[in-house]
Each structure stands twice: as C-alpha cells, then as structure tokens.
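Single-letter residue listing:
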Amino acid sequence: IEKNEFFILMGPTGAGKTVLLEAMAGLIRVHSGRMTIGGKNVTKVPPEKRGISIVYQDYALFPHLTVLENITYGLHFHKLPKKESKQRQNRLVEELNISHLLQRLPTNLSGGENQRVALARALMVNPKVLLLDEPLSALDPGFREDIRIGLKRLHKSTDVTFLMVTHDFAEALSLADRAAIMNEGKIEQMGYMKDCLLYTSDAADE
C-alpha cells in the first residue's frame, strides 16, 4: 500500500479482514511475517508507537467523556506541540462539522455524529495510517453518504494512508484508489478501482 493511498479491503464475513487490521494496529499478536510502515519494521513495536489509528463501526468512544475530551484523548499518549495540536483540532472540527457538539456526550449524538467524532479522535494524533473497519455499515443511508463525502475530503486534505474494510462495492468504487479481495485469510485479487469503473462502464454499454 502506497503512502497517502486510499486502499480498500473487501471479502466475505470471516475472511480475516478485521483480524488483519487489529494485527496491524498491534492489538493482536503476530506469530509470523512482518509489517513495515515507511520502511520501518513495526511488527514488535507497541501499538501506541506504530503511528496507526483505528476506527470501528461501533465508534468505541468513551461514553463518560465529552466530544472534545474524546477527540483530544490520544494526546495523553502522543505528545504534540500545543500550537500544532490546537490547529489540527480546529481543522478537524471544521472539516467534520462537529463544532456544535464539543461539549456533548456520545450518548446524546446520532450515529453519523458519533462516527465523525471517532474520525476526529483517530486523526487528532496525526497517524501515518488510518484503519477503518466498516465505518459506514451501521449508519442510515443519509448519514452514510455524508460520512463517505467526509472521508474523501479528509483523505485529500491529509498525507495519511487510509486502509478501509467494507462489504459495500459502491463505497469501494467511490473512495478507493486500489482495492483487494480477501478470502480465508489470503488476498485473492487486487487492482485499481479506475479499471473496475472502465469495466463496469463497458459492460453497461454492451
């Protein structure tokens, strides 16, 4: 996966997609093989030092913390210059349109609002890689489109590499530079989504 690429991983339930993400994030122990980020082997590096953030479909926000406290929580473990962190916070809050939610608790937010907060929290620590585990699957169609547009905008405005798991082919077409199909723990196929769009268009013409 190239730096700043939006890469999507698809495949049937049980294929190993989430396990792969959690292994990359350091949440699951790897028994063989290795993972590198920017040429650095991070296989045995602690999760908080890998430069990886992960966002789940159920948001995993702290219910007792406000939106602002959730967003800035990671700064306890990733020390950033105060000016830089404040600028990043303001930019994320603006881009994700959550300025009016900062003092509210997650339990008082909609699914789409919680997902935007989860994205802000993940990006607040300036990760090299953002892992997204079916971030849109639990949302209503209206919220889903809103978050999809937000994801595309966030990707273009940062130098973060996005790796997203989804079952939705339309999401892959609209978001991904490249995608791969995983089945029974193995990558079966990989390619550029623009080639898929050409194929789909040709098939429609026929």
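Cut-offs applied
- Residues numbered from 1 in each chain as written.
- Predicted model: local features only at pLDDT ≥ 70, side-chain atom pairs only at ≥ 80, totals over all residues.
- Heavy atoms only, no water.
- Buried < 20%, exposed > 50% of the residue type's maximum accessible area, 1.4 Å probe, protein only.
- Helix = DSSP H or I, 4+ residues; strand = E, 2+ residues; numbered from the N terminus.
- Pairing = 2+ DSSP bridges.
- Right-handed = clockwise from strand over helix to strand, strands pointing away.
- pLDDT = per-residue confidence, 0-100.
- Contact = heavy atoms within 4.5 Å.
- Expected span 1.5 Å × (residues − 1).

Draft legend 1. Fine view of the pairing of strand β6 (residues 161-165). Most of β6 sits inside the fold, with five of its five residues counted as buried. The pairing of strand β1 (residues 6-10) with β6 spans four bridges and is classified as parallel. Note that in β6 the partner of Phe7 across the bridge is Leu163. Two strands pair when backbone bridges link them, and strand β5 (residues 129-133) and β6 are joined in this way by five bridges, in the parallel orientation. Pairing of Asp133 across the sheet is with Val165, part of β6. In this region the chain leaves β5, passes through helix α5 (residues 141-157) and returns to the parallel neighbour β6; the handedness of that crossover is right-handed.

Draft legend 2. Structural view of the confidence of the model for the protein chain. The pLDDT averaged across the protein chain works out to 88; a share of 95% of its residues lies at or above 70. Every residue in residues 198-206 scores below 50 in pLDDT, and together they form zero contacts with partners more than four places removed in sequence or on other chains.

Draft legend 3. Representation of helix α3 (residues 82-95) within the structure. Taking 1.5 Å of rise per residue, the 14 residues of α3 would be expected to cover 20 Å, and the 20 Å separating its terminal C-alpha atoms lies within 8% of that figure. Buried residues in α3 make contact with α2 (67-72), α4 (111-124) and α5. Asn97 sits one or two residues past α3 and shows a positive phi near 55°.

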